[in-house]
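Descriptive structure summary
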Amino acid sequence: MNDALIDLYEKYWESFITNVYKPYMGRCAYPFLIQVPQQYIEANKRVMICGQETQGWGKRNPDTTSVQDIQQMYYKFMDNNIWHNSKYDVKITNSPYWNFNRRLSKSNLDVGFIFQNVVKVGKYEKAGCDNKIYELSKQYFPVWMEELKILKPDLIIFLTGTYDWRIKEEISTFNKVPIREDLLLDELRFDNPLMPKAYRTNHPRFLQANKRYYQTADIISNFIKEL
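What this report covers is the structure whose coordinates are included nearby. (Residues numbered from 1 in each chain as written. Predicted model: local features only at pLDDT ≥ 70, side-chain atom pairs only at ≥ 80, totals over all residues. Heavy atoms only, no water.)

1. What about the overall build of the chain?
- Along its length, the chain carries 9 helices and 8 strands.
- Radius of gyration (C-alpha) of the chain: 17 Å, near the 17 Å computed for a compact globule of 227 residues.
- Put simply, of all contacts in the chain between residues at least 6 apart along the chain, 74% involve residues at least 24 apart.
- Taken as two groups, the 31 positive and 27 negative side-chain charges of the chain have centres that lie 5 Å from each other. (Helix = DSSP H or I, 4+ residues; strand = E, 2+ residues; numbered from the N terminus. Rg over C-alpha atoms; globule rule 2.2 N^0.38 Å. Contact = heavy atoms within 4.5 Å. Lys, Arg positive; Asp, Glu negative; His and termini not counted. Charge placed at Lys NZ, Arg CZ, Asp CG, Glu CD.)

Written out as structure tokens, the structure is:
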């Protein structure tokens, strides 16, 4: 899987750097490049957790930064929640998003988890990819569906809130089957036949603020156990 991902990313890397990153340096982050843990590779059941887009991750020299550098940077964060800013590493311990994901993984120790975003390229400093960068990233770094073919998850959980319009633009149109309206919890039935079973709910920060955090985590954990 990892070799296939490297080949995929390197296919578009120079074009992305030349046409997207350098012209918009200071506004454009590096793309979210996935490195697959061994547990996911060996697991019989695989779940992809999908967020909106990255926040930051732009402070590296594009002339010396490689695909492997960015993969390792993200892997370090995904594996241990270590975020690297321009001066030092920071341990992220109070994030509702990552605590939610840890809760799911601890409840399903036999499952391989991988993390992904709907939008591959975010903003340099703050969350939210503007439309110009988004359109360029789709043109010069169109990897989402190819990543899906490599990773082959059995289930995707979108923790994206009201981000359905971006999901449709980046991935595929879908029909929603409501499960819990108060949790914004729906099954998403995609028109693209390559997409596995998928559910979407609110961002865990919203769930926590509205006292629906643990309830939603338990429902989703049960979906995973039913795979």
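2. Re helix 4 (residues 96–107)
- Counted at 1.5 Å a residue, the expected span for helix 4 with its 12 residues is 16 Å, and the 16 Å between its end C-alpha atoms agrees.
- The complete set of buried residues in helix 4 reads Pro96, Tyr97, Trp98, Phe100, Asn101 and Leu104. (Expected span 1.5 Å × (residues − 1). Buried < 20%, exposed > 50% of the residue type's maximum accessible area, 1.4 Å probe, protein only.)

3. A look at unusual backbone geometry
- Phi is positive for Lys152, which is not a glycine, with a value near 50°.
- By the element assignment, Lys152 lies in the loop between helix 6 (144–151) and strand 5 (155–159).
- Judged by its relative accessible area of 52%, Lys152 falls in the exposed class.
- The backbone of Lys211 sits at a positive phi, close to 60°, despite the residue not being glycine.
- With respect to the helices, strands and loops of the structure, Lys211 is situated in the loop between helix 8 (204–209) and helix 9 (213–225).
- When its relative accessible area of 76% is taken as the criterion, Lys211 is described as exposed.

4. A few points about the packing of aromatic side chains
- Summed over all chains, the structure comprises 17 aromatic pairs.
- Taking the centre distance of 6.5 Å and the plane angle of 45° together, the rings of Phe16 and Tyr21 count as tilted.
- You can call Phe16 buried: its relative accessible area is 0%.
- On the basis of relative accessible area, Tyr21 is assigned to the buried category, the value being 1%.
- Ring geometry for Phe77 against Trp98: centres 5.3 Å apart, planes inclined by 90°, an arrangement best described as edge-to-face. (Phe/Tyr/Trp six-rings, centres within 6.5 Å; stacked < 30°, edge-to-face > 60°.)

5. What to know about the sheet that holds strand 1 (residues 45–51)
- Strand order in the open sheet formed by 6 strands is 4-1-5-8-7-6, with mixed pairing between adjacent strands. Only two strands of the sheet have a single neighbouring strand rather than two, namely strand 4 (111–117) and strand 6 (174–180). Neighbour-to-neighbour, the strand axes of the sheet open up by a mean angle of 25°, direction not taken into account. (Pairing = 2+ DSSP bridges. Axes fitted to C-alpha atoms, helices over the stretch in contact; angles between N-to-C directions.)

6. Here we look at helix 5 (residues 131–140)
- Along helix 5, the residues classified as buried are Ile133, Tyr134, Leu136 and Ser137. Seen along its axis, helix 5 keeps its buried residues to an arc of 170°; they face one direction. Opposite the buried face of helix 5, by more than 90 degrees, sit the exposed residues Asn131 and Gln139.
- Buried residues belonging to helix 5 abut helix 1 (2–21) and helix 7 (164–170). (Arc of directions from axis to C-beta.)

7. Structural notes on the pairing of strand 4
- Of all 7 residues in strand 4, 7 are buried; the element is thus mostly enclosed.
- A two-sided burial pattern is seen for strand 4, the buried positions comprising Val111, Phe113, Phe115 and Asn117 on one face and Gly112, Ile114 and Gln116 on the other.
- In the sheet, strand 1 pairs with strand 4 via 7 bridges, with the strands oriented parallel. The partner of Ile49 across the bridge, within strand 4, is Phe115.

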